[in-house]
Amino acid sequence: MSMRTTCPYCGVGCGLLVSPDGQGGATVKGDPDHPANFGRLCSKGTALGETLGLTDRILSPQIGGKPADWETTLDLVASRFQAAIRDHGPDSVAFYLSGQMLTEDYYAANKLIKGYIGTANVDTNSRLCMASSVAGHKRAFGSDTVPGTYEDLDTADLVVLVGSNLAWCHPVLYQRLVAAKKARGTRIVVVDPRRTATCDSADLHLSLTPGSDAALFNAALVALADRGAVDRSYVAQHVSGFDAALAAARASDPGLTGLAPGDLAQFLDWFTTTDRVVTVYSQGINQSSSGTDKVNAILNCHLATGRIGRPGMGPFSVTGQPNAMGGREVGGLANMLACHLDLENPQHRAAVQGFWASPAMPDQPGLKAVEMFEAVATGRIKALWIIHTNPAVSMPDADAVAAAIKGCDFVVVSDITRTDTTRLADVVLPATAWGEKSGTVTNSDRTISRQRPFLPAPGQARDDWRMIADVAARMGWADAFGWTSAAEVFAEHAALSGIAGHLGRDFDISGLAQADYDALPPTRWPVTAQQQGGRFFGQGGFFTPDGRARMLPISPRLPVAQTARRYPFRLNTGRIRDQWHTMTRTALAPRLTQHIAEPFLEIHPQDAARLGLAPATLARVTSPQGAAILRVAITDRVQPGQVFAPIHWTGDTAPMGRVDALIAPVTDPVSGQPESKAAVVAIAPL
Ligand code: SF4
C-alpha cells in the first residue's frame, strides 16, 4: 500500500506516493493528485528510494565524540545553556536552524528561544536563500506575502525568470512552464549572466552584467510609464510611492546592464505590452548586497501595472528549500516573531507573549546568520545549537565559520549524518530523517503538505520538536512544551495564526487547528474559517497601516567586491541538477552522482587560453577569504571574466571543493542576506 508524503528537497514541494518494501527500502512515485506536481518528479525526487540506507547515520547521542545516553546528554545541553544565560544573559546563546526542518520543529525551536529563553538570536540557513524576498515583500506589502501561485505559470503569456536556473533548481516547476509553453505559446525570458539549462526554452536570454538586475527593472518601470502601460486607477486606489519610484528609475542608467540595445528593446516591448506577466525570481536576485532593492525593483513594476494577485500575473519568489516558507511562517528568523507578526510591534509581541504565556520576550531583532557566526568567533555567543544544517561548508567565509564553531564554548548539533559541522560539536543529537518523521512543509506557493513517516526511527534517533521540548523541560518549562505529538505542535501553531489573522496579518491557518492532521490534504493558505487558498492583492488590500502597497525608489548598486588585478574574475555560485545542499542525502544515490561527479569551474575559452588552462585539468581558485581546487570546464556558457562553481561539495566529498570558503561575508544592509554570487577570485593552473 502506498502512502502520500512530500519530497524533502526543493521549494516546489512535490507530492509523492511511497510504497515501503518492509525491509527499510521503498519505491517512490509522483503523486498524481498533488497540486504542485500532478505526478511529475525530477531526478532527485525519483531517486529518493535509493537514499534510504543507514550509511553514515548518527544513531545515538554523542558527547565529545563518544556515545552517551539521552538523559545524560539532554541534562548536559540544558545545563550548559542555563549556565550561559545565568552568567552572560540570554543574548549569549543562539540557535541556527534550517529550511530542511519541518514546521513543527521550527515552531518548537522559535518558541523556546524567543518565548522562553528570551533572545531573538535565532536564524536559519534560509537567511542565505530568501531573506531579501522577505524584506522586499515586507517593505512593499507590509507583510511577507508571496502573491503568486503555480497556476499563474500555467496561465501567463510571458514568464520572466530572473536569477533562476529553474530547469535545474526547481525542475518540476520548469516542466510545468515548458508544458504551458507547448500548450499555449508562453513566452519565456531568462535574465541571468550565465547561459544555463533554463535558456534552452527561452525566447530571449538577457546575459546582463552581474548584479545589474535593478537597473533592468528600473528601465522596465520607465518603459511602462512612457508607453501608457501603468494602471493609473489601480495605483491611485492601492499604491503609494509611484512618483518617487519612477523618478529614481528615470535617474538610473540602463547601460549598467551591459545588454545589447536590441535585446533590451525586445524585452521592454514584451514586458510593456503583455498583460499576463509573471516575474519569477530566485537566488540570483536574493543572494546580493542589494538583494532587497532588486526585489523591490521587480515588485514596483507589478504594482505599477496592477499585475499582481490576478490569474497569470505577479511577482513570484521561488524558494530554494523544502520548508523555507514554513520557517518564515513560524517566525524562525532573527527579525521575525511568529505567524508573520512583527517582533518590534508591541501589540504583536503582547499577543504572542500572552498566547505562549512566555516569561521573557525580546523586543529587538537578534543576530542574523553572518552576524551570528561573527559573534561566535568573538566569543559573544557561549552556547550554540545548530539544527539540520552544515554551516562549516555552506556559510560564506566557510573556513572562518568552521574555526568559530570549533572555538565556541559549547556547540550542539542535531543532524542525521556526520558532517563537517557535527565533527566540530561538543554534543551531537541523532535526529529522525525524511521517511521517519511526521510534520508539515510549506512550498513556494503557500501550499502546506504533510511529510508522513513510513520507516521506524533507527537507533536512538528522535524527532527535533521532541528534543527541543526535552531540553525546554529540563530548563523548567515542561508545561509549555508538553506536546506528545507533532499534530499537537501543529494545532498550537495554527491556533496562534488565528490571533495573527485577527490582528490583520496575512498568515492565518486557524481553519486547520482542528483538522485531521494525519489525513491533511495539500492546502494553500490562508485557511480561515471563511476562506481557503485565496489570492492576495487582486483587489488591493495590502498589510500596511493604510492598506496601500509601497513602491520604493531604487538606485541600482553593483556587487560590493570589485574585480581588480589581484582578483580579476567574478565568481558566480549555484546548484547543479542532481545534487542537493551539501549532498548528505543525494550523494547516496549512484545515479545522481553520475550526472556530475566532482566540483568544477566553468570558465570562458578566452580566459582559459590566456591562463594556460586545458580542459579537465585542475585550477587553483583563490579569493581574499580562502582557496579551492576545481576541475576546469571550458565553456562559453559564462561570459569572459566570469566563472561559475557549484556549492555542494564538502570536506568529506572534496576537501578543496568547498566553494563557500571563497565567499566574502558581505551582506545586504536590509535583509542580512550574503552576496554569495559575486565573489572576486584569482585563477591559476594547479
Ligand atoms: Fe523534489 Fe523539487 Fe524535484 Fe519536486 S522538483 S521532485 S520537490 S527536488
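Residues numbered from 1 in each chain as written. Predicted model: local features only at pLDDT ≥ 70, side-chain atom pairs only at ≥ 80, totals over all residues.

Q: Even after reading the chapter, I still don't get the overall build of the protein chain, so can you show me in this structure?
A: Scanning the protein chain from N- to C-terminus turns up 22 helices and 26 strands. On the principal axes, the C-alpha backbone points of the protein chain span a range of 70 × 65 × 55 Å. Intrachain contacts of the protein chain at a sequence separation of at least 6 include 74% that bridge at least 24 residues. (Helix = DSSP H or I, 4+ residues; strand = E, 2+ residues; numbered from the N terminus. Contact = placed C-beta atoms within 7 Å.)

Q: Mind showing me how you'd approach the sheet that holds strand 24 (residues 627-634) here?
A: Paired through backbone hydrogen bonds, the strands of a sheet run either parallel or antiparallel to each other. Pairing in this closed barrel of six strands is mixed, and the strands run 21-25-22-24-23-26 around the ring. Ignoring strand direction, the axes of neighbouring strands in this sheet form an average angle of 45°. Bridge count for strand 21 (residues 569-574) against strand 25 (residues 642-646) is five bridges, and the pairing is parallel. Among the inter-strand pairings, Arg-570 is bridged to a residue of strand 25, identified as Gln-642. (Pairing = 2+ DSSP bridges. Axes fitted to C-alpha atoms, helices over the stretch in contact; angles between N-to-C directions.)

Q: What should I look at first to understand the pairing of strand 2 (residues 15-20) in this one?
A: Walk down a regular strand and you will see the side chains alternate between the two sheet faces. In the sheet, strand 1 (residues 3-6) pairs with strand 2 via four bridges, with the strands oriented antiparallel. Residue pairing in the sheet places Thr-5 in a bridge with Leu-16 of strand 2. Both strand 2 and strand 3 (residues 26-30) contribute to a ladder of five bridges, which runs antiparallel. Residue pairing in the sheet places Pro-20 in a bridge with Ala-26 of strand 3.

Q: Would you explain the sheet that holds strand 13 (residues 314-317) in this entry?
A: Read across the sheet, five strands follow the order 10-9-8-12-13 without closing on themselves; strand pairing throughout is parallel. Sheet topology places strand 10 (204-206) and strand 13 at the edges, where each strand pairs with a single neighbour. The mean angle between the axes of side-by-side strands here comes to 15°, regardless of whether they run parallel or antiparallel. Taken together, the four bridges between strand 12 (residues 277-281) and strand 13 define a ladder with parallel strand orientation. Opposite Val-278, over in strand 13, you have Gly-314 as the bridge partner. Contacting strand 8 (158-162), strand 9 (187-191), strand 10 and strand 12, helix 11 (residues 261-273) runs over the sheet at an angle of about 120° to strand 10. On top of the sheet, helix 13 (residues 291-305) reaches strand 8, strand 12 and strand 13; it is set at about 150° to strand 13, its chief contact.

Q: What is the right way to read the site of the ligand from this model?
A: Lining the immediate surroundings of the ligand are 14 residues, of which Cys-7, Cys-10, Cys-14, Cys-42 and Gly-45 lie closest. Considering only residue class, the shell around the ligand consists of nine nonpolar, four polar and one charged. Of the residues that make up the shell around the ligand, three or more belong to each of domain 1 (3-51) and domain 3 (131-318). (Near = placed C-beta within 6 Å. Nonpolar A, V, L, I, M, F, W, Y, C, P; charged D, E, K, R; others polar. Domains from an automatic or database assignment.)

Q: For this particular structure, what's the right way to read the UniProt feature "domain: 4Fe-4S Mo/W bis-MGD-type" (unreviewed entry) in the protein chain?
A: UniProt annotation of "domain: 4Fe-4S Mo/W bis-MGD-type" (unreviewed entry) refers to residues 1-56 when read in the numbering used here. Helix makes up 7% of residues 1-56 and strand makes up 27%, while its end C-alpha atoms are separated by 29 Å. (UniProt positions renumbered as here; feature names shortened; annotations may be inferred.)

Q: Please explain the nonpolar core as it appears in this structure.
A: Across soluble globular proteins, nonpolar side chains show a tendency to be buried alongside one another. Ranked by size, the top nonpolar core spans 131 residues in total, and within it Ala-109, Leu-384, Val-411, Leu-601 and Val-643 carry the most contacts. When residues of this core are assigned to their parent elements, the largest contribution, eight residues, is made by helix 3 (residues 103-117). In contact with Val-643, not counting residues within four places along its chain, are Phe-569, Leu-571, Leu-601, Glu-602, Ile-603, Val-638, Val-681 and Ile-683. Counting residues in each nonpolar core, the second largest holds 89 residues, with Ala-214, Leu-264, Ile-285 and Ala-589 among its members. (Core = buried A, V, L, I, M, F, W, Y, C linked by C-beta atoms within 7 Å. Buried ≥ 20, exposed ≤ 12 C-beta atoms within 10 Å, placed from the backbone.)

Q: Help me out: how do you make sense of the environment of Ala-619 in this one?
A: Assignment of secondary structure puts Ala-619 in strand 23 (residues 618-622). Put simply, Ala-619 and Val-146 are 473 residues apart on the chain and 41 Å apart in space, counted from C-alpha to C-alpha. Apart from residues no more than four positions distant in its own chain, Ala-619 is found in contact with Leu-601, Leu-613, Leu-630, Val-632, Ile-683, Ala-684, Pro-685 and Leu-686.

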